[in-house]
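Each chain, written out:
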Amino acid sequence: MSRTYWVETYGCQMNVSDSELMEGVLTADGYRSVSTPDEADVILVNTCAIRDHAERRVLGRVAELNRVKKNRPGVLIGVCGCMAQRLGERLMEQADYVDMVIGPDAYRSLPQIIDEASRDGGVVDIELNPAENYEGLEMRRASRVSAWIPIQRGCNYRCTYCIVPYTRGDEKNREPGAILAEIQKLADEGITEFTLLGQTVNSYRFDGWNFARLLRAVARVPGVRRLRYTSPHPNDVTRELVEVMAEEEAVCAHLHLPVQSGSNRVLKRMARRYTRKEYTQRVELLRELIPHIALTTDIIVGFPGEKEEDFRETLDLVNEVEYDSAFTFKYSPRDGTPSTRMDPETFVAPEVAQRRLEELIKAVREIAARKNLAEVGSTREVLLEKRARRGNLLQGKTETNKAVLIPGPDEWLGRYMKIALTGTTGATFTGYPIER
Ligand code: 5AD
Ligand code: SF4
């Protein structure tokens, strides 16, 4: 009987993609996936370290999974991803039921790590390996409709709040030939939507290739119908790149462009390396060349030194850009990042940060709802991606990355359909197909 596994994923798209990679490595080694953790011999939890809140939640979940071990001795629990990388051995000291602590550069040797852990007990593998390029590993993809394609790992920026450069190391870019071959193969299998992934995906460089050139080449692979990328750094949004986005039909009219703050003073303390003006100039360029583009963003409030007037500038920027949606966060100090060493007197009181967050969320929601309401009554091409979690509905997305729910049979999954938008909750749409 083959051994079984269960992988659970928290955090960003890179983690979703990494989990598909781990599942691929295990499958290639003869493991079989099961549909609940209670049936698994090996349980892997792929974690995020970006905010304290995320880490606490995952620790709670891992403690809960310990019940499986209590019922079936011999089961192994592994913690993978950024939190594993950040805490290393300390994780096992905190939670002695964790058998394996596995950093992102160790996934290739998962089978060996599991063997070692079942033989000798606790294994920690958090070596960052600049030579690990993840080539030659087959992913076990969850969707037959869209695919995540990691083209870059790590990050060379050093934003002062961010743990990622420490958990994932320096930027490493994949060879363009391997990326194109992988996408061609998946397109031949019928996948039509592709999202290129990287921490600062548009800083991609390899020999004579930059990101604009790669994006154009991918857009022209036969069978690629929708192409996205995430997350870009604003500084690497060049005119050349925006031109490729505008010219290549497959590239979707949506960009998630993290701004973090609308205040120059705060941007500087964050070491974002752009001013508000430089950011909005990129936005103007995007809208000039791609008038119907949807823009989304990430914003942090309560960064050390953020004064009320800085926060007002963030609100003002949100009103100026009119984002289609935004992820909003309270600053969370991460050990080892430069921001934690700033003058303690500049730290923003939790209740002030909370109040700013609420005010920001309200502003973001109002704008999103107003923009989405204006789309009700129009017709959009929707790629039907999966069955929705609730109701007997299918879930799809517009080119601009907006979620649409429609009634329909499973046979429609993977299809592009013209959908009349009939309503919106503010964030997602309802609709019905106007042609079959
Ligand atoms: N505190 C709060 N938010 C953070 N992010 C990254 N680091 C932190 C932190 N220490 C946010 C940024 C980033 C998103 C993925 O998470 O907005 O773009
Ligand atoms: Fe973190 Fe900044 Fe790198 Fe993004 S660009 S991963 S926020 S250091």
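How each quantity is defined
Residues numbered from 1 in each chain as written. Chains lettered and ligands numbered in written order. Predicted model: local features only at pLDDT ≥ 70, side-chain atom pairs only at ≥ 80, totals over all residues. Heavy atoms only, no water. Near = heavy atom within 4 Å. Polar contact = N/O pair within 3.5 Å; in protein donor to acceptor, adjacent residues only side chain to side chain. Areas by Shrake-Rupley, 256 points an atom, 1.4 Å probe, with all protein chains shown as cover. Helix = DSSP H or I, 4+ residues; strand = E, 2+ residues; numbered from the N terminus. Nonpolar A, V, L, I, M, F, W, Y, C, P; charged D, E, K, R; others polar. Salt bridge = Lys/Arg side-chain N within 4 Å of Asp/Glu carboxyl O. Buried < 20%, exposed > 50% of the residue type's maximum accessible area, 1.4 Å probe, protein only. Pairing = 2+ DSSP bridges. Axes fitted to C-alpha atoms, helices over the stretch in contact; angles between N-to-C directions. Contact = heavy atoms within 4.5 Å. Expected span 1.5 Å × (residues − 1). Arc of directions from axis to C-beta.

(A) Summary view of the site of ligand 1. Taken together, Ile50, Arg51, Tyr161, Gln260, Asp298, Ile300, Phe329, Lys330, Tyr331, Ser332 and Arg334 are the residues near ligand 1. The separation between an oxygen atom of ligand 1 and a polar side-chain atom of Gln260 is 2.6 Å. Considering ligand 1 on its own, with 400 Å² of exposed area, one finds that the protein chains cover 87% of that surface. Where the shell around ligand 1 is concerned, the elements lending two or more residues are strand S15 (294–301) and strand S16 (325–330). Its residues assigned to classes, the shell around ligand 1 shows five nonpolar, two polar and four charged.

(B) Here's a closer look at unusual backbone geometry. Cis peptide bonds are those with omega within 30 degrees of zero, and the linkage from Thr230 to Ser231 qualifies with -15°. Along the polypeptide, Ser231 turns up in the loop between strand S13 (226–230) and helix H9 (239–247). Located in the positive-phi region is Arg273, a residue other than glycine, with phi close to 70°. The topology assignment puts Arg273 in the loop between helix H10 (264–270) and helix H11 (276–289). With a phi angle near 75°, Asn401 is a residue other than glycine that sits in the positive phi range. As for its placement among the helices and strands, Asn401 is situated in the loop between strand S18 (393–398) and strand S19 (403–407).

(C) Looking closely at the pattern of salt bridges. One pass over the structure, following the stated rule, counts 46 salt bridges. Ionic pairing is found between Arg168 and Asp18, a salt bridge with its closest N-O pair at 3.1 Å. Residue Arg168 is located in helix H6 (residues 164–168), and its partner Asp18 is located in helix H1 (residues 13–28); the two are separated by 150 residues in the primary sequence. Each member of the pair, Arg168 together with Asp18, is buried. Here Arg67 makes a salt bridge to Asp38, at a shortest N to O gap of 3.0 Å.

(D) The arrangement of the environment of Pro407 in detail. Tracing the backbone shows Pro407 in strand S19. Given the relative accessible area of 47%, Pro407 is considered partly exposed. For the pair Pro407 and Tyr432, spaced 25 residues apart in sequence, the C-alpha to C-alpha distance is 7.2 Å.

(E) Expanded view of the sheet that holds strand S10 (residues 193–197). Across the sheet, which stays open at both edges, the three strands sit in the order S7-S10-S13 with parallel pairing between neighbours. Strands at the two margins of the open sheet, each flanked by one partner only, are strand S7 (146–150) and S13. For this sheet the average axis-to-axis angle between neighbouring strands, irrespective of direction, equals 20°. Of the strand pairs in this sheet, S7 and S10 are connected by five bridges, and their pairing is parallel. By the bridge assignment for S10, Ser146 is matched with Glu193. Each of S7 and S10 touches helix H7 (residues 176–188); the most contacted strand, S7, lies at about 170° to it. The sheet contacts of helix H8 (residues 211–219) involve S10 and S13, and relative to S13 the element is tilted by about 155°.

(F) Fine view of the site of ligand 2. Contacts to ligand 2 come from Cys155, Tyr157, Cys159, Tyr161, Cys162, Val164, Pro165, Gln199, Thr200 and Arg272. Taken together, the residues of the shell around ligand 2 break down into seven nonpolar, two polar and one charged.

(G) Representation of H7 within the structure. With 13 residues, H7 extends 18 Å between its outermost C-alpha atoms, agreeing within 8% with the 18 Å of an ideal straight helix rising 1.5 Å per residue. Of all the residues in H7, the buried ones are Pro176, Ala178, Ile179, Glu182, Ile183, Leu186 and Ala187. Relative to the axis of H7, the buried residues are bounded by an arc of 165° and lie together on one face. Tucked into the core, H7 has its buried residues touching S7, S10, strand S11 (205–206), strand S12 (209–210) and H8. With a side-chain oxygen lying 3.0 Å from the backbone nitrogen of Gly177, the N-terminal cap of H7 falls on Glu175. Just downstream of H7 lies Gly190, where phi reads positive at about 110°.

(H) How the structure looks around the sheet that holds strand S6 (residues 123–125). In space, the six strands of this open sheet follow the order S2-S1-S3-S4-S5-S6, with parallel pairing throughout. Of all the strands in the sheet, the pair left with one neighbour each is strand S2 (32–33) and S6. Both strand S1 (residues 4–9) and S2 contribute to a ladder of two bridges, which runs parallel. Looking across to S2, one finds that Tyr5 is bridged to Ser33. Most of the contacts of helix H2 (residues 52–71) go to strand S3 (residues 42–47), to which it runs at about 180°, and overall it touches S1, S3 and strand S4 (76–81).

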